[in-house]
Amino acid sequence: MGPGLVSAGSAVLVVLLSGLSIPLETRADSQSGAAVYQAHCASCHGADRLGAMGPALLPENLSRVRRVQAGTSIAEGLPATQMPAFGGQLSADQIEAVVDFIYTPLVQTPHWVMEQIRASHLTHVDTATLSDRPLFEADPLNLFLVVELGDHHATVLDGDRFEPLHRFKTRYALHGGPKYSPDGRFVFLASRDGWISRFDLYNFKTTHEIRAGINTRNLAVSADGRTVLVGNYLPHTLVVLRADDLAPLQLIPVTDGQGASSRVSAVYAAPRRGSFIAALKDLPEVWELPYRPAPPGPDSVASTLPGSPAEPADLTVRRIALDDYLDDFFFDPEYRHLIGAARNGAGQVVDLDQGRVVAELDLTGLPHLGSGITWEWEGRQVLVTPNLKQGSLTVIDMESWQVIKRIETLGPGFFMRSHAASRYAWSDVFFGPNRDAMHVIDKSTLEIVKTLRPEPGKTAAHVEFTRDGRYLLLSIWDPDGAVIVYDADTLEEIKRLPMNKPSGKYNVWNKTRYESGTSH
Ligand code: DHE
């Protein structure tokens, strides 16, 4: 559900947001800023400034952005985001006015407390009536969920026959990878406006929903399948939910204990540590939140520990101090190291056991570590990451943390993918004139061996492999788009399925098994 403007045109705007009622009284000197905002910014950032497709624009969420930088971003756009340049349409005075406006506090600080979270909880079906076997003929572990951003739907795809099995409406503007329960039956989806949905893939039904925040980043599911953790931009909170029915269990304010609070950059499950990791945007800290003792070995990654208590326990926070902020990050396969980068490109390696920074990384531009993948190269493990600002991929030795190679590409990229069974890695060119190109990299030579242009003029992005790694799906990121199936070895096109701006695609097996070639 998107935020709705109920009354506009006066100095006091009132917004109703499924339970949120916020007077948006603005100071007289920001009136023209308010008008410019409504005309040019509201469609993405929300009429209420609480975020929609774009992030919330409030002083508490702009603490790291100087006013002059905000003005530059409005005039020139912001690299690696959907933020366009308005310099051609707005005068310098108008830009200044809108900057004033977004730095003006709302009369009432928006809050979304436990009582409101609890009141938003929805049960859509009586789960006792649901089948515990799939109601379709297909391998349930080789399904794909394809998010179609164009009309806010998701398609469930049979990963063997490449046929759609079901299509359903999602909340407005899903963002971040949906996360599966360890058995692959349930998928958890997060929308930018805070709604968390639990969808049953065996029965094709949304079972429960809850609004965990006003402007949400993403969610993570614990490896034992019992707990969901949600990270928010607004308010500055983490929300713990019971995975069985999304009942809210705990609300954790994200503060340093001395008056400063922070947006959450992202949350992840670190299965072998038995914990969640939360990266913070406005505090130079990373938080670890253990939910149970770490399981004994790699095979127990997706299992429930015998003797686990019936209710997930309260999470406690272990704080790890950093040298810099973490805007984007990546884990090594053992979840021992966290490799993080700030938006200025500085990279640091945090040893999560020791709780300290152990290496600096020679990164430039804006590395997109969240889309990095690992593979073995000449007897060592390498991390390869696209760059949101530069036309290159960075190959990093994961023992020495030295950069081995920068692979030149046709432009900045967003997503990378491979599979243990494939000799190739795929990397898109998401930005610029070559955004219709997709590079194929030979993992043994670290060279681009082929550049495909699946639909000239339309963005080609985001690849995901089938469970066995023999085929892969690629998005044509356009309302009149498609998911294209390729043979991972011959690189030949196999099939084209029309879709409405398909963004990410998520294979149940690869996600629940933490396949090294995909994001987690
Ligand atoms: Fe994303 C994942 C952050 C803009 C599409 N994006 C993520 C994750 C983070 C992140 C931290 C990992 C969470 C997860 O998967 O659980 N994204 C950011 C930003 O900071 C940024 C640059 C600005 C913002 O608006 O928040 C940003 N992202 C975008 C887009 O503009 C994209 C292209 C379109 C959209 O949906 O808004 C986009 N992001 C995605 C997708 C994933 C994602 C498809 C999941 C990738 C995956 O394969 O797992």
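Just above, that's the structure.
Summary of the structure given here. Predicted, not measured: the structure shown is a model, and the values here were computed from it.

## Section: the pattern of salt bridges
A pair can form between side chains of opposite charge whenever their charged atoms are brought close.
Right, on to step 1. Throughout the structure, instances matching the rule amount to 29 salt bridges.
Right, on to step 2. With a closest N to O distance of 3.3 Å, Arg423 and Asp489 form a salt bridge. Of this pair, Arg423 sits in the loop between strand 28 (416-417) and strand 29 (424-428) while Asp489 sits in the loop between strand 34 (481-487) and strand 35 (493-499), and the two are 66 residues apart along the sequence.
Right, on to step 3. Here Arg423 falls in the partly exposed class, since its relative accessible area comes to 45%.
Right, on to step 4. A salt bridge links Glu464 to Lys511, with the shortest nitrogen-to-oxygen separation between them at 3.9 Å. Placement of the pair is Glu464 in strand 32 (residues 460-465) and Lys511 in helix 5 (residues 508-512), with a sequence separation of 47 residues.

## As for the packing of aromatic side chains
Right, on to step 1. Under the definition given, this model contains 18 aromatic pairs.
Right, on to step 2. Plain terms: the ring middles of Phe331 and Tyr335 are 5.0 Å apart, the flat faces sit at 35 degrees to each other, and that makes the pair tilted.
Right, on to step 3. Phe331 gets classed as buried once you look at its relative accessible area, which sits at 9%.
Right, on to step 4. Summarising the aromatic geometry, the rings of Phe430 and Phe431 are spaced 5.1 Å apart at their centres and angled 65 degrees between planes, so their arrangement reads as edge-to-face. Like Phe431, Phe430 is buried.
Right, on to step 5. A network of ring pairs unites the aromatic residues Tyr268, Phe329, Phe331, Tyr335 and Tyr514 as a single cluster.
Right, on to step 6. In this arrangement the basic side chain of Arg211 is found over the ring face of Trp112, its NZ or CZ atom lying 5.4 Å from the centre.
Right, on to step 7. Positioned above the aromatic ring of Trp509, the side-chain terminus of Arg467 is 3.9 Å from the ring centre.

## Looking at the sheet that holds strand 35
Right, on to step 1. Pairing within the open sheet is antiparallel, and its four strands lie in the order 32-33-34-35. Each edge of the open sheet carries a strand with a single partner, namely strand 32 and strand 35. On average, each strand axis in the sheet is tilted by 20 degrees relative to the strand beside it, whichever way the strands run.
Right, on to step 2. Bridge count between strand 33 (residues 471-476) and strand 34: six bridges; the pairing is antiparallel. Paired with Leu474 across the bridge in strand 34 is Ile484.

## Points about the coordination of the iron atom of the ligand
Right, on to step 1. Among protein residues, the single donor to the iron atom of the ligand is His175 (NE2), with a metal-donor distance of 2.2 Å.
Right, on to step 2. Looking at the element boundaries, His175 is found in the loop between strand 7 (163-169) and strand 8 (179-180).

## Looking at the site of the ligand
Right, on to step 1. For the ligand, the set of nearby residues contains 22 residues, the closest of which are His175, Lys179, Arg417, His462 and Ser519.
Right, on to step 2. Between the ligand and the protein, one listed contact pairs an oxygen atom with a side-chain N or O atom of Lys179 at 2.5 Å.
Right, on to step 3. Between the ligand and Arg217 there is a distance of 2.7 Å, counted from an oxygen atom to a side-chain nitrogen or oxygen.
Right, on to step 4. For the shell around the ligand, the secondary-structure elements that each account for two or more residues are strand 12 (215-221), strand 16 (264-270) and strand 36 (502-507).
Right, on to step 5. If one sorts the elements of the shell around the ligand by residue count, strand 16 sits on top with three residues.
Right, on to step 6. Here the residues of the shell around the ligand sort into nine nonpolar, nine polar and four charged.

Cut-offs and rules
Residues numbered from 1 in each chain as written. Predicted model: local features only at pLDDT ≥ 70, side-chain atom pairs only at ≥ 80, totals over all residues. Heavy atoms only, no water. Salt bridge = Lys/Arg side-chain N within 4 Å of Asp/Glu carboxyl O. Helix = DSSP H or I, 4+ residues; strand = E, 2+ residues; numbered from the N terminus. Buried < 20%, exposed > 50% of the residue type's maximum accessible area, 1.4 Å probe, protein only. Phe/Tyr/Trp six-rings, centres within 6.5 Å; stacked < 30°, edge-to-face > 60°. Lys NZ or Arg CZ within 6 Å of the ring centre and 35° of its normal. Pairing = 2+ DSSP bridges. Axes fitted to C-alpha atoms, helices over the stretch in contact; angles between N-to-C directions. Donors = N, O, S within 2.8 Å, 3.2 Å for Na, K, Ca; no water. Near = heavy atom within 4 Å. Polar contact = N/O pair within 3.5 Å; in protein donor to acceptor, adjacent residues only side chain to side chain. Nonpolar A, V, L, I, M, F, W, Y, C, P; charged D, E, K, R; others polar.

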